[in-house]
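# Observations on the model geometry
Each chain, written out:
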Amino acid sequence: MVMLRLTAEQYQKLPILADESTCSGKTYIVTGSNSGLGLETARHLVEFSAACVILAVRNLTAGDNAKKEIERSTGRSGVVQVWHLDMASSESVETFAKKASAELDRIDGFVANAGVMNDTWSTAEGMETSITVNVINTLFLGALMLPKLSDSGRKFGMKPTLLFVVSALGYTVKSEMDKTRQGSIFDGLYDQKRANMSRRYALSKLLEECAVRQFASLCPVKRTGVIVNMVAPGLCSTGLGRDVGTFTKIMYESVKAMMARTAEVGSRTLLHGLVAGEESHGKLLSGCKIKEYWVPTWLSNEQGQRLQKDVWNEVAARLERVQPGCISKLS
Ligand SMILES: NC(=O)c1ccc[n+]([C@@H]2O[C@H](COP(=O)([O-])OP(=O)(O)OC[C@H]3O[C@@H](n4cnc5c(N)ncnc54)[C@H](OP(=O)(O)O)[C@@H]3O)[C@@H](O)[C@H]2O)c1
């Protein structure tokens, strides 16, 4: 069912729902914006007269090239800034969040877009790398940015958006999740012998979605003034998967050749996430619409809610060890 829906949606035309009236004079941060969906989202925001767009990247040279490219194509300079952020390092995440909180007057939209697709085992900060990058440190960054987003909302009388880029592929790995769930979820994920790396990316995106759903439910807009939502951009032709092995690459590239969107078209779904408003809080967006009906029953029923809480509790416990209070003070 998920794959059918995904395939059908790939061929739909997507509107550009943001424009000057929604972005003019505003400040945005887009992580992983030197390429792919992040770059095209940032380019649109500059084109729509944003006052400041921060490219949060791990490779500053690539970030500077992206900045030049955006300035060339939009004819606007003095808007884009390139800041360092390595999502594989909690220290880098903390430094970035501190800088953003101290130096920016306001943040209207934060796009947690950076992500990796790995099919070989590697580790970062005592965990398999894609789990560190796509799940643990992505939630860490979201949690650290929430107070600044809240303050911006209060100060400027608006509701900022904290957007996480997920993937509907996460809905295809229930059995993988069930296997990992025997005992501590994250201990299971760090067991190389049990890891099925060909499904690891999809699993990381399911875990990210579980954690974001719980995070959003613990941080209602009524209290924080911040809209937290999730966008599944569909299959897009980007740099994602450039490091996977030959077999996975052949499979992935042939599916992409048949039905992938361009990165620009995919970025329209992220722009929609930024303007979707309060109604989208805690929800999945895809194809420029709220798509909660896509969420499979095993994830929305009582057992799914349990899974969501278990994932969140383990992520939160890890983050509290990195920076005590970073999660507990949010509620
Ligand atoms: N493309 C798709 O079909 C698709 C579908 C569903 C969801 N998504 C999601 O969309 C998001 C964007 O991916 P994309 O498709 O645009 O791929 P992409 O072109 O590879 O962009 C990913 C970005 O994340 C950055 N990144 C990776 N690891 C990082 C780290 N440790 N620290 C900081 N930045 C890091 C990359 O930086 P480098 O250039 O330095 O590696 C790159 O800028 C990801 O979260 C992905 O999971 C993509």
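Rules used throughout
- Residues numbered from 1 in each chain as written.
- Predicted model: local features only at pLDDT ≥ 70, side-chain atom pairs only at ≥ 80, totals over all residues.
- Heavy atoms only, no water.
- Axes fitted to C-alpha atoms, helices over the stretch in contact; angles between N-to-C directions.
- Helix = DSSP H or I, 4+ residues; strand = E, 2+ residues; numbered from the N terminus.
- Parallel < 35°, antiparallel > 145°, perpendicular 65-115°, else oblique.
- Left-handed = near helix turned anticlockwise from the far one by under 90°.
- Contact = heavy atoms within 4.5 Å.
- Near = heavy atom within 4 Å.
- Polar contact = N/O pair within 3.5 Å; in protein donor to acceptor, adjacent residues only side chain to side chain.
- Areas by Shrake-Rupley, 256 points an atom, 1.4 Å probe, with all protein chains shown as cover.
- Nonpolar A, V, L, I, M, F, W, Y, C, P; charged D, E, K, R; others polar.
- Pairing = 2+ DSSP bridges.
- Buried < 20%, exposed > 50% of the residue type's maximum accessible area, 1.4 Å probe, protein only.
- Right-handed = clockwise from strand over helix to strand, strands pointing away.

The name given to the chain in an unreviewed UniProt entry is NAD(P)-binding protein, with the source organism recorded as Neoarthrinium moseri.

Helix H6 (residues 129-156) packs onto helix H5 (residues 90-103) with a crossing angle of 20° between their chain directions and a minimal axis gap of 10 Å. Considered as vectors, H5 and H6 are oriented roughly parallel to each other. The crossing of H5 and H6 is right-handed. Note on element contacts: H6 touches H5 through Asn137, Phe140, Leu141, Leu144, Met145 and Lys148, opposite Ser90, Val93, Glu94, Phe96, Ala97, Ala100 and Ser101.

As a further point, take the site of the ligand. Around the ligand, the surrounding shell holds 29 residues, and the nearest of these are Arg58, Asn113, Tyr201, Thr238 and Arg242. Separating an oxygen atom of the ligand from a backbone N or O atom of Leu37 is a distance of 2.8 Å. Between an oxygen atom of the ligand and a main-chain N or O atom of Gly234, the distance comes to 3.4 Å. In the complex, the protein chains occlude 95% of the 890 Å² of accessible area that the ligand would expose alone. Secondary-structure elements contributing two or more residues to the shell around the ligand are helix H3 (36-47) and helix H9 (200-218). Taken together, the residues of the shell around the ligand sort by class into 15 nonpolar, 10 polar and four charged.

Judged by pairing direction, the sheet is mixed, and its eight strands sit side by side in the order E3-E2-E1-E4-E7-E8-E11-E12 without closing on themselves. At either margin of the open sheet sits one strand with a lone partner, and together these are strand E3 (80-84) and strand E12 (289-290). As defined by bridge partners, strand E7 (residues 161-165) adjoins strand E8 (residues 227-232) across five bridges and the pair is classed as parallel. What sits directly across from Val165, in E8, is Val231.

Here the focus is the pairing of strand E1 (residues 27-31). The element E1 is largely enclosed, with a buried count of five among its five residues. Alternating positions in E1 separate into two faces, Thr27, Ile29 and Thr31 on one and Tyr28 and Val30 on the other, with burial throughout. The sheet contact formed by E1 and strand E2 (residues 52-57) spans five bridges and is parallel. Of the residues in E2, the one forming a bridge with Tyr28 is Val53. Handedness of the crossover is the feature at issue here: the chain leaves E1, passes through H3, returns alongside E2, and the resulting connection is right-handed.

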